[in-house]
Amino acid sequence: MSDFSLNSQLNVDDLAKEYASKRRLHIPNILSEVSANKIATCLETQVPWGFAYNNGESQFLRAEEMQKMSAPDQQKLLKELYDRARTGFQYAYNCYPILDAYMNGWGQVPLLDRVLEFINSEEVLAFMRTLTGRPEIIKGDAQATRYGPGQFLKFHTDNVTEEFRVAAFVLNFTRDWDPDFGGYLQFYDKDWDIEEAFLPRFNALNIFTVPQNHAVSYVANYATKQRYAITGWFRYK
Ligand SMILES: O=C(O)CCC(=O)C(=O)O
Ligand SMILES: [Fe+2]
């Protein structure tokens, strides 16, 4: 018996029809209220957040490494990161790599280990196979993310061939977000107009077939909150 459950009121067959026509979907109230509250509270209070950015390759600093860095070194890292963002791919957000932590027995946030098991439970995998019309899904990976003022994830497609991704998912755990804070998950049409964008919400799933053009828009410097999510990919291998 898992600590968590999907919202039993959802009709996956109806949702699958919508998904098939758009290759993406936003599903409010994806989890039971109790499950969503437990996970949100954990993200808000229990997670030793590391930091993810790019310098040509994906970089991740664990919370412990961030704390050891001097203030000038942190400033330098930020300057280099923003310099690169002017012309190249870049992202900056706080992260806790749930799958790596699980595989390497970090044991820092047991509840997130349970979330990874839930994502890989038959309840969730069967739901996702039906929803996406992709029976080949066999597992999901996951990371917890937190975007605060000045953080972002630039345009990308999620296309990483060796990772066998079928669909990307974002479980949203942000309470009471202000649209003016930014941090939308947004999708583009061929003219770079925004075709659709999802506000950070509490207990909502965003799911989309990859590759697909998308980004997390810049979180305003004046934002007074953090955008919390658990994101990852359902895979065929
Ligand atoms: O957090 C989101 O809404 C999307 C994250 C994303 O696109 C990614 O991690 O590749
Ligand atoms: Fe992505």
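Residues numbered from 1 in each chain as written. Chains lettered and ligands numbered in written order. Predicted model: local features only at pLDDT ≥ 70, side-chain atom pairs only at ≥ 80, totals over all residues. Heavy atoms only, no water.

UniProt's Cofactor (unreviewed entry) comment on the protein chain is quoted here verbatim: "L-ascorbate". (UniProt positions renumbered as here; feature names shortened; annotations may be inferred.)

Before going further, it helps to examine helix α4 (residues 71–87). In this model α4 runs 26 Å from its N-terminal to its C-terminal C-alpha over 17 residues, within 8% of the 24 Å that 1.5 Å per residue would give. Along α4, the residues that are buried comprise Leu77, Leu81 and Ala85. Relative to the axis of α4, the buried residues are bounded by an arc of 75 degrees and lie together on one face. Turned more than 90 degrees off the buried face of α4, the exposed positions are Pro72, Gln75, Lys76, Lys79, Arg86 and Thr87. Where the residues of α4 are buried, they touch β2 (50–54), β3 (58–61), β4 (91–96) and β7 (152–156). (Helix = DSSP H or I, 4+ residues; strand = E, 2+ residues; numbered from the N terminus. Expected span 1.5 Å × (residues − 1). Buried < 20%, exposed > 50% of the residue type's maximum accessible area, 1.4 Å probe, protein only. Arc of directions from axis to C-beta. Contact = heavy atoms within 4.5 Å.)

Glancing now at a nonpolar patch on the surface. A surface patch of nonpolar side chains, amounting to about 250 Å² of accessible area, comprises Leu78, Tyr82 and Tyr218. Mapped onto the secondary structure, Tyr82 falls in helix α4. With a relative accessible area of 30%, Tyr82 lands in the partly exposed category. (Patch = residues over 30% accessible without salt bridge, like charges linked within 9 Å, V, L, I, M, F, W, Y side chains within 5 Å. Areas by Shrake-Rupley, 256 points an atom, 1.4 Å probe, with all protein chains shown as cover. Salt bridge = Lys/Arg side-chain N within 4 Å of Asp/Glu carboxyl O.)

We now examine the packing of aromatic side chains. Per the stated rule, a full pass over the model turns up 18 aromatic pairs. Between the aromatic rings of Phe187 and Phe198, the centroid separation amounts to 5.9 Å while the plane-to-plane angle is 70 degrees, which identifies the pairing as edge-to-face. In this pair, Phe187 sits in strand β9 (residues 185–188) while Phe198 sits in strand β10 (residues 194–198), placing the two residues eleven residues apart along the sequence. Its relative accessible area of 0% is what places Phe187 among the buried residues. Members of the aromatic cluster, each reached through a chain of ring pairs, are Phe89, Tyr91, Tyr93 and Tyr147. The ring of Phe187 carries Arg24 above its face, with NZ or CZ at 4.3 Å from the centroid. (Phe/Tyr/Trp six-rings, centres within 6.5 Å; stacked < 30°, edge-to-face > 60°. Lys NZ or Arg CZ within 6 Å of the ring centre and 35° of its normal.)

As a further point, take the packing of helix α1 (residues 12–22) against helix α7 (residues 122–132). Where α1 meets α7, the axes come as close as 7 Å, and the angle between the chain directions of the two elements is 45 degrees. The orientation of α1 relative to α7 falls into the category oblique. Across the interface between the two elements, Val12, Asp13, Leu15, Ala16 and Tyr19 from α1 touch Phe127, Thr130, Leu131 and Thr132 from α7. A per-class count over the contact of α1 with α7 returns six nonpolar, two polar and one charged. (Axes fitted to C-alpha atoms, helices over the stretch in contact; angles between N-to-C directions. Parallel < 35°, antiparallel > 145°, perpendicular 65-115°, else oblique. Nonpolar A, V, L, I, M, F, W, Y, C, P; charged D, E, K, R; others polar.)

Summed over the entire model, instances satisfying the criterion amount to 16 salt bridges. Notably, a salt bridge pairs Arg134 with Glu136, separated by 2.6 Å at the nearest N-O pair. A salt bridge links Arg235 to Asp141, with the nearest nitrogen and oxygen atoms 2.4 Å apart. Separated by 94 residues along the polypeptide, Arg235 in strand β13 (residues 227–235) and Asp141 in the loop between β5 (139–140) and β6 (143–147) bring together distant segments of the chain. By sharing partners, the salt bridges in this structure join Lys22, Arg24, Glu195 and Glu196 into a single network.

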